[in-house]
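Each chain, written out:
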Amino acid sequence: GDSVTQMEGPVTLSEEAFLTINCTYTATGYPSLFWYVQYPGEGLQLLLKATKADDKGSNKGFEATYRKETTSFHLEKGSVQVSDSAVYFCALSAYNQGGKLIFGQGTELSVKP
Amino acid sequence: DTAVSQTPKYLVTQMGNDKSIKCEQNLGHDTMYWYKQDSKKFLKIMFSYNNKELIINETVPNRFSPKSPDKAHLNLHINSLELGDSAVYFCASSHSTLWGGRETQYFGPGTRLLVL
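One structure accompanies this document, and this report is about it.

**A word on the state of the cysteines**
Alright, step 1. Taken as a whole and assessed by the stated rule, the structure comprises two disulfides over all chains.
Alright, step 2. Cysteine 23 of chain A shares a disulfide with cysteine 90 of chain A; S-S distance 1.9 Å. Looking along the S-S bond of the cysteine 23 of chain A-cysteine 90 of chain A disulfide, the torsion reads about -70°, which is the left-handed sense. Taken together, the residues cysteine 23 of chain A in strand 4 (residues 23-26) and cysteine 90 of chain A in strand 10 (residues 86-93) connect sequence positions 67 residues apart.
Alright, step 3. In this model, cysteine 23 of chain B is linked to cysteine 91 of chain B through a disulfide, with the two sulfur atoms separated by 1.9 Å. In this structure the cystine formed by cysteine 23 of chain B and cysteine 91 of chain B twists about its S-S bond by roughly -75°; its chirality is therefore left-handed.

Put into structure tokens, the structure is as follows:
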């Protein structure tokens, strides 16, 4: 079945460091891909998404490109801030699945001043 | 003017009890979902409804019964609670995604259920 795999956390970075969180997926067809962020004690918020191959999603300095050839959707940010500390989830939604989101296991990011 | 709201935020109860969680969205969406987040933060879909019709039932024990009185509300009733039901339950909503899968889902703040 469809699945998403993310790099294990926790990831600890210093402020202004470069961030990459790897995400790969397995799916038939052409799923839509998402990054959601969960701040402590809160629900999930969409960070960015891409709905077809080679699309780049971006928001708040974060970027991810839908790479069909490598089945990847890695999240990057050039300079992280303490306020970026959260859990990041990669997810896919396949066509003909009623909108079901399949999530990766989440990657906890901690940014130190 | 919260977009997706859930009540209660916290729920502590004894094994064997029956409890309900309510969800409401004011975004005008057609589709609503329940997700379960376990202690390791893994998220898995449980149910989805589109215009009050059950679309997804993801092999959830039949002790869990969702109900959608209208398209703005999706409630979750749990009978005979077990220790393993302890988790955070998230409600979400989106525009109709019946087969496309491209729509953004908007999540509520979660209900933290602890079964003792």
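There is more to say after this.
**What about the nonpolar core?**
Alright, step 1. Core analysis: the largest hydrophobic core is formed by 28 residues, its most contacted members being Trp35, Leu48, Phe73, Leu75 and Tyr88 of chain A.
Alright, step 2. Among the secondary structure elements, those contributing two or more residues to this core are strand 2 (11-14), strand 3 (19-21), strand 4, strand 5 (32-38), strand 6 (44-50), strand 8 (62-65), strand 10 and strand 12 (107-112) of chain A.
Alright, step 3. The greatest single-element share of this core, amounting to four residues, is contributed by strand 10 of chain A.
Alright, step 4. Dropping the residues within four chain positions of it, tyrosine 88 of chain A is found in contact with Gln6, Ile21, Trp35, Tyr36, Val37, Leu47, Phe62, Leu75, Gly106, Thr107 and Leu109 of chain A.
Alright, step 5. If you look at the next biggest cluster of nonpolar residues, it comprises 20 residues, including Leu11, Phe47, Tyr49 and Cys91 of chain B.

**Things to note about the interface of chain B and chain A**
Alright, step 1. With 26 residues of chain B at the contact, the number on the chain A side is 25 residues.
Alright, step 2. At the boundary of chain B with chain A, total buried surface from both sides reaches about 2000 Å², with 54% on carbon and sulfur atoms.
Alright, step 3. Where chain B packs against chain A, one counts one salt bridge.
Alright, step 4. Glutamate 58 of chain B is the partner of lysine 100 of chain A in a salt bridge, and the nearest nitrogen-oxygen pair spans 3.1 Å.
Alright, step 5. Only strand 4 (31-37), strand 5 (43-50) and strand 6 (53-57) of chain B provide two or more residues apiece to the side of chain B that touches chain A.

Rules and cut-offs
Here, residues in each chain are numbered from 1, in the same order as that chain's written sequence. The naming scheme follows written order: chains are lettered A onward, ligands numbered 1 onward. Local features in this predicted model are restricted to residues whose pLDDT is 70 or higher, and side-chain atom pairs enter the listing and the counts only when it is 80 or higher, whereas totals over whole chains, interfaces and linings include all residues. Note that the side-chain values use all heavy atoms of the structure and ignore hydrogens as well as water. Two cysteine sulfur atoms make up a disulfide if the distance between them is within 2.5 Å. Secondary structure is summarised from DSSP: a helix means a run of H or I of at least four residues, a strand means a run of E of at least two, and numbering begins at the N terminus for each. As used in this record, nonpolar core signifies buried Ala, Val, Leu, Ile, Met, Phe, Trp, Tyr and Cys residues forming a set joined through side-chain atoms within 4.5 Å. Only protein chains enter the accessibility calculation, which uses a 1.4 Å probe; a residue whose area is less than 20% of its type maximum is buried, one above 50% is exposed, and one in between is partly exposed. We call two residues contacting when some pair of their heavy atoms lies within 4.5 Å. Buried area is a sum: the accessible area each of two parts loses on coming together, probed at 1.4 Å, counted once for each and added. Take a side-chain nitrogen of Lys or Arg and a carboxyl oxygen of Asp or Glu: if they are within 4 Å of each other, that pair is a salt bridge.

Treat this as a map of the structure, not an account of what it does.
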